[in-house]
Amino acid sequence: MFLLLALLQQIDSTVPVERGQRLEVSTYAGEIAVKTWNRNAVRVVADPDSRATVEIDRSATVVTVRTQRRRGGPSMVDLQITAPAWMALDLSGVYTDVTVVGARGPIAVETVQGEVSVEGGDGLVSLQSVHGSVSLRGAKGSLEVHSVNEDVSVTGSSGEVTAETVNGSVTLSKVDGTSVTATSVNGDLDYDGPIRDGGRYTFSTHNGDITLSVAEASNASVSVSTFNGEFESSFPVTLTETRKGKRFSFRLGTGSAQVTLESFQGTIQLVRPGAARSARDEDHDEDWE
Amino acid sequence: MSDQWSDRLSEYLDGDLTEAEHLAMEAHVEGCRECAETLAGLRRTVMRARSLEDRPPAHDLWSGIAERIGTPARIAAAPRRRRIAFSVPQLLAAGIALAVLSGGSVWLLQPSPLTIARPLVEVPGDAPVTQVGVGTVKGYDAAVDDLERVLAQGRGKLDSATVRILEQNLAIIDRALAQARQAVAADSANLYLNSHLAETMRRKIDLLRQAATLVSAAS
């Protein structure tokens, strides 16, 4: 059902929604800012320039908010949206910053050049940017954060976490995950959170350091591999196995969790929770040929 | 790690062992780091295969790549039971092949269940790891070539800053690939180096695929 084609310069429109409907928002350039409220309705406030329109469409399963170029070159529209916290969000753009606060449903975000910042989310939460940092806070479920050229971070979240970037760092802070995977090619990886019995924790970078926070009571079988890097630990470990090359293993407690630490040419460091990270070369040389 | 145990890891993962065998395997894996590591690698490979997106890519973009890889462009969904039959060197081969599949041919694998009835790469069961590691995966280079061509042809459709970022990051991955290949050449039996090379190959395919998707979306 087509509800509104706003040709006016400013729109402020509210449409009723029902549980089970999801919200899809797509724009070309500008910002998508979503916050939540207790009403079963979606409010859209936008101030498009003269070259753009905002379309709001509603079907049985989805409410769609789209910006369209009306004439001339690229347009920029900032969308301020208020939605029920339970509503699943699917937000996309090209030159678009995305901010979400207070959501309690699944969230998917894709942008090309733009920052992504999400607070909340439950279920499948997937955030991607090519050229922009991605940060997720206070989410639970299956959490995926992905960038190409910037840092990614997950804070105060729980569930199964996958964090990946090519040229940036991965910071996982206060993460309570039973399955955690963090990878980068040219960046550091930091994990600060509990290591749960039976959990799987995999950290892999080519040209970066890995800092893993390990509580004293942790039960983990730890496998360390590097080609041209180093290993440091702020507490003593007893190796149970060493293999050709810089590869070795050790066990903490019962060894219940599986921890894999791989850095081709960086330093792998174990620290106690809360311990300051060791001095690190902040001037990460990208030309590390 | 003995062949007696390693050869049965995939059966263990599949739940095909008897209860007694299962318990015996569990006890063995508990004390054998190499088997535990291999088992973890198998699990990661299967998880990666399972996590492949079921969203079909634009057919016109990928059909040529599928042809290059030497596989039919589409396999009808078959509710067959997941079956994995890897030897240890084949595990590495499968990891690299999945890099190709996850990048260019996702439709080849159904979301679930996964069926890999035979090795995806032609590797003799007792082949040394070197035959797997250093770029012998059928179709990988061709798939990369095809995707790079898509990016080259479509770069005019993308913002110059986006193209610059993509190319910078591809260069970063290429440097990592060169270093990983060199390392594997120097220590061909190193499981870590081989899996790291496979993972880096996957990263390149993933990024190229992402670039191709951007080109497609901008068209």
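Residues numbered from 1 in each chain as written. Chains lettered and ligands numbered in written order. Predicted model: local features only at pLDDT ≥ 70, side-chain atom pairs only at ≥ 80, totals over all residues. Heavy atoms only, no water.

1. Some words on the interface of chain A and chain B
The line we're drawing: The criterion used for residue contact is that any of the two residues' heavy atoms lie within 4.5 Å. Two parts placed together each lose some accessible area under a 1.4 Å probe, and adding up what both lose gives the buried area. Should a side-chain nitrogen of Lys or Arg be within 4 Å of a carboxyl oxygen of Asp or Glu, the pair is scored as a salt bridge. Polar contacts, as counted here, are pairs of nitrogen or oxygen atoms within 3.5 Å of one another; within protein the pair requires one atom able to donate a hydrogen and one able to accept it, and residues that are adjacent in sequence qualify only if both atoms are side-chain atoms. Only DSSP runs of H or I with at least four residues qualify as helices, and only runs of E with at least two residues qualify as strands; both kinds are numbered from the N terminus onward.
Every contact between the two is made by 45 residues of chain A and, on the other side, 31 residues of chain B. In total, chain A and chain B occlude about 3300 Å² of area from one another, counting both sides; carbon and sulfur atoms represent 51% of this. Interface area lost by chain A to chain B is led by Arg200, Arg247 and Phe264 of chain A, which between them contribute 14%. Run the count over chain A and chain B and you get two salt bridges. Taking the shortest distance from any N to any O, the salt bridge between Glu164 of chain A and Arg202 of chain B comes out at 2.8 Å. Between the two partners, chain A and chain B, sit 12 residue pairs in polar contact (both at pLDDT 80 or more). When residues of the side of chain A that touches chain B are traced back to their parent elements, those giving at least two are strand 19 (176-184), strand 21 (200-205), strand 23 (220-226), strand 25 (239-243), strand 26 (246-252) and strand 27 (257-263) of chain A. Residue contributions to the side of chain A that touches chain B peak at five residues, all from strand 23 of chain A.

2. A closer look at helix 3 (residues 19-31) of chain B
All names here are of chain B. Note the following rule: Any helix carries an expected span of 1.5 Å times its number of residues minus one. For every residue, the accessible area obtained with a 1.4 Å probe (protein chains only) is divided by the maximum for its type, and the residue is called buried under 20%, exposed over 50%, and partly exposed between those limits. An arc is given here, and it is the one of the directions from the helix axis to the C-beta atoms.
Compared with the 18 Å implied by 1.5 Å per residue over 13 residues, the 19 Å span of helix 3 between its first and last C-alpha is a close match. All of the buried residues in helix 3 are Met25, His28 and Val29. Down the axis of helix 3, the smallest arc covering the buried residues is 95 degrees, so these residues share one side. Seen from the open side of helix 3, the exposed residues pointing more than 90 degrees away from its buried face are Glu19, Ala20, Leu23, Ala27, Glu30 and Gly31.

3. Considerations on the side chain of Asp188 of chain A
You can see Asp188 of chain A is positioned in the loop between strand 19 and strand 20 (189-192). Within the structure, the side chain of Asp188 of chain A is placed 2.8 Å from the backbone nitrogen of Asp209 of chain A, a separation counted as a polar contact.

4. Things to note about unusual backbone geometry
All names here are of chain A. Here Lys174, not a glycine, exhibits a phi torsion of approximately 50 degrees, which is positive. Residue placement: Lys174 occurs in the loop between strand 18 (170-173) and strand 19. Residue classification places Lys174 among the exposed residues on the basis of a relative accessible area of 61%.

5. Thoughts on the packing of aromatic side chains
Residue and element names in this part refer to chain A. Formally: For this analysis, a ring pair means two rings from Phe, Tyr or Trp (six-membered ring only for Trp) whose centres lie within 6.5 Å, classed as stacked if their planes differ by under 30 degrees, edge-to-face if by over 60, and tilted for the remaining angles. In this scheme, the term charge over a ring applies when either NZ of a lysine or CZ of an arginine sits within 6 Å of the ring centre and within 35 degrees of the ring normal.
A complete count under the given rule lists six aromatic pairs over all chains for this structure. Note on Phe227 and Phe264: the rings are 4.9 Å apart at their centroids and 25 degrees apart in plane angle, and the pair reads as stacked. Taken together, the residues Phe227 in the loop between strand 23 and strand 24 (230-233) and Phe264 in the loop between strand 27 and strand 28 (267-271) connect sequence positions 37 residues apart. When its relative accessible area of 2% is taken as the criterion, Phe264 is described as buried. With 5.1 Å between their ring centres and 80 degrees between their planes, Phe231 and Phe248 make a pair best called edge-to-face. Highlighted residues: Phe231 in strand 24 and Phe248 in strand 26, separated in sequence by 17 residues. Grouping aromatic residues by their ring pairs yields a cluster made of Tyr191, Tyr201 and Phe203. One cation-aromatic arrangement involves Arg39 over Trp37; the distance from NZ or CZ to the ring centre is 4.7 Å. In this structure, Arg272 is placed above the aromatic ring of Phe235, and the distance from its NZ or CZ to the ring centre is 3.7 Å.

6. Remarks on the confidence of the model for chain B
Residues and elements named next belong to chain B. Quick note on the threshold: The quantity called pLDDT is the predictor's confidence in a given residue, expressed from 0 to 100.
Residue-level pLDDT values for chain B average 67, and 54% of them are 70 or greater. Mean pLDDT values for the elements of chain B range from 28 in strand 2 (residues 115-116) up to 94 in helix 9 (residues 160-186). Here residues 68-87 is modelled with pLDDT under 50, and outside its nearest four sequence neighbours on either side it reaches 56 contacts, counting other chains as well. pLDDT under 50 marks residues 103-135. Its contacts with residues more than four places away, or in other chains, come to 84 contacts. Listed scores for the predicted complex are pTM 0.75 and ipTM 0.86.

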